[in-house]
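# Breakdown of the fold
Each chain, letter by letter, is given below.
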Amino acid sequence: MGGPLSWPAEEPWPVCPEHRASPMVPVVQIHAADALGLVPFPPGCDLFQVLWCPRDHEDRWVVPAVHWRNAKAVGNVREAPPAPVPVGSGRVPRPCVVHPELVTEYPSWDLQYGLWDELEQRFEQVEAETGWDYQYHLSTAPGTKLGGYPGWCQDPDWPHCSGCGKPMDHLLTVESTEADSVSRLTWTPVEDRDVDYEGADLRLGDLGGVYLFECRTCPGRPYADRFDCS
């Protein structure tokens, strides 16, 4: 997270479409070997990169850009330009590495109402027996993640592809924090229970998150983003 990126020296650095000549900042870079099979990479690609513009925007918290490429074809690497000025507070991730952990999660706010009604009694029974709340402890994993379900704070706002009209697939969540005192009881790896989190120093709104979605059917894998906070 936060760079540096394997960005080809001969390729222009991405700039914000809403702020002329304002460079985007590195957010996430993931090699296919570290993706644990959670999302399919396009043919011939083994490197996934996300950047965004950290400046203020009229109707969006950040403006992201998604890039897929072949790591071996990068060649000489371009150095990232300085972050633009001014920058919104808490929108430039501190450079750090992540250690992927494969988990199984289930929909929380995305769970259909009818199914929720059928399962609510079982959720209550589990909570009474274990103290684990379905929404906070057993459904969506907190923190930055590939695949799975968004951990909506507000009502779900799942985008549909403008090309084919189908619901997009959740690609990536970038969260302000990795877990809170409630969710970390079940989602923190056992070996890390007594370790303080060292996050990427993000503060997206009221400790919210940015969700990226993509269409894996249409050419070019079009993507969309959503911002969500409490």
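Now for a description of the structure that goes with this document. (Residues numbered from 1 in each chain as written. Predicted model: local features only at pLDDT ≥ 70, side-chain atom pairs only at ≥ 80, totals over all residues. Heavy atoms only, no water.)

### With respect to the overall build of the chain
Helix and strand content of the chain: three helices and seven strands. Along the chain direction, N to C, the helices and strands of the chain fall in the order β-β-β-α-α-β-β-α-β-β. Radius of gyration (C-alpha) of the chain: 18 Å, near the 17 Å computed for a compact globule of 230 residues. Projected onto its principal axes, the C-alpha positions of the chain cover 60 × 45 × 35 Å. Each of the 230 residues in the chain was classed as buried or not, and the buried ones make up 41%. Taking contacts inside the chain between residues at least 6 apart in sequence as the whole, the part at least 24 apart equals 70%. For the chain, the accessible surface area stands at approximately 13100 Å², while carbon and sulfur atoms represent 51% of it. With 17 positive and 35 negative side-chain charges, the chain shows a separation of 9 Å between the mean positions of the two kinds. (Helix = DSSP H or I, 4+ residues; strand = E, 2+ residues; numbered from the N terminus. Rg over C-alpha atoms; globule rule 2.2 N^0.38 Å. Buried < 20%, exposed > 50% of the residue type's maximum accessible area, 1.4 Å probe, protein only. Contact = heavy atoms within 4.5 Å. Areas by Shrake-Rupley, 256 points an atom, 1.4 Å probe, with all protein chains shown as cover. Lys, Arg positive; Asp, Glu negative; His and termini not counted. Charge placed at Lys NZ, Arg CZ, Asp CG, Glu CD.)

### Some thoughts on the side chain of Arg69
Tracing the backbone through its elements, the reader meets Arg69 in strand β3 (residues 63–69). At 3.1 Å, the side chain of Arg69 forms a polar contact with the side chain of Glu11. (Polar contact = N/O pair within 3.5 Å; in protein donor to acceptor, adjacent residues only side chain to side chain.)

### Some details on the side chain of Glu105
Mapped onto the elements, Glu105 comes out in the loop between β3 and α1 (113–130). Residue classification places Glu105 among the buried positions, given a relative accessible area of 12%. Within the local environment of Glu105, its side chain forms a polar contact with the side chain of Lys145, the two groups lying 3.1 Å apart. Looking at Glu105, its side chain comes within polar contact range of the main-chain nitrogen of Tyr149, at 2.5 Å. Dropping the residues within four chain positions of it, Glu105 is found in contact with Ser139, Thr140, Ala141, Lys145, Gly147, Gly148, Tyr149 and Trp187.

### Remarks on the layout of surface pockets
Put simply, the largest pocket is a space of about 1400 Å³. Taken together, 49 residues line the largest pocket, and the ones lying closest to its centre are Val98, His99, Pro100, Thr144 and Glu178. Residues that form the lining of the largest pocket fall into these classes: 25 nonpolar, 13 polar and eleven charged. In this model, the second largest pocket occupies a volume close to 510 Å³. Lining the second largest pocket are 25 residues, with Pro142, Gly151, Cys153, Glu175 and Asp180 positioned closest to its centre. (1 Å grid on protein atoms, 1.4 Å probe; cavity = no way out; pocket = protein on both sides within 12 Å on 5 of 7 lines; lining within 4 Å. Points joined across faces, edges and corners; volume = space filled by probe spheres on them. Nonpolar A, V, L, I, M, F, W, Y, C, P; charged D, E, K, R; others polar.)

### Quick notes on a nonpolar patch on the surface
Where nonpolar side chains cluster on the molecular surface, the patch consists of Leu36, Leu38 and Leu102 and spans about 260 Å² of accessible area. Position of Leu102 among the secondary structure elements: in the loop between β3 and α1. (Patch = residues over 30% accessible without salt bridge, like charges linked within 9 Å, V, L, I, M, F, W, Y side chains within 5 Å. Salt bridge = Lys/Arg side-chain N within 4 Å of Asp/Glu carboxyl O.)

### A few points about the sheet that holds β3
The three strands are arranged β1-β2-β3 in an open sheet whose pairing can be described as antiparallel. The open sheet is flanked by β1 (25–31) and β3, the only strands paired with a single partner. On average, adjacent strands in this sheet sit at an angle of 15 degrees to one another, irrespective of strand direction. Note: strand β2 (residues 47–53) against β3, seven bridges, orientation antiparallel. What sits directly across from Phe48, in β3, is Trp68. (Pairing = 2+ DSSP bridges. Axes fitted to C-alpha atoms, helices over the stretch in contact; angles between N-to-C directions.)

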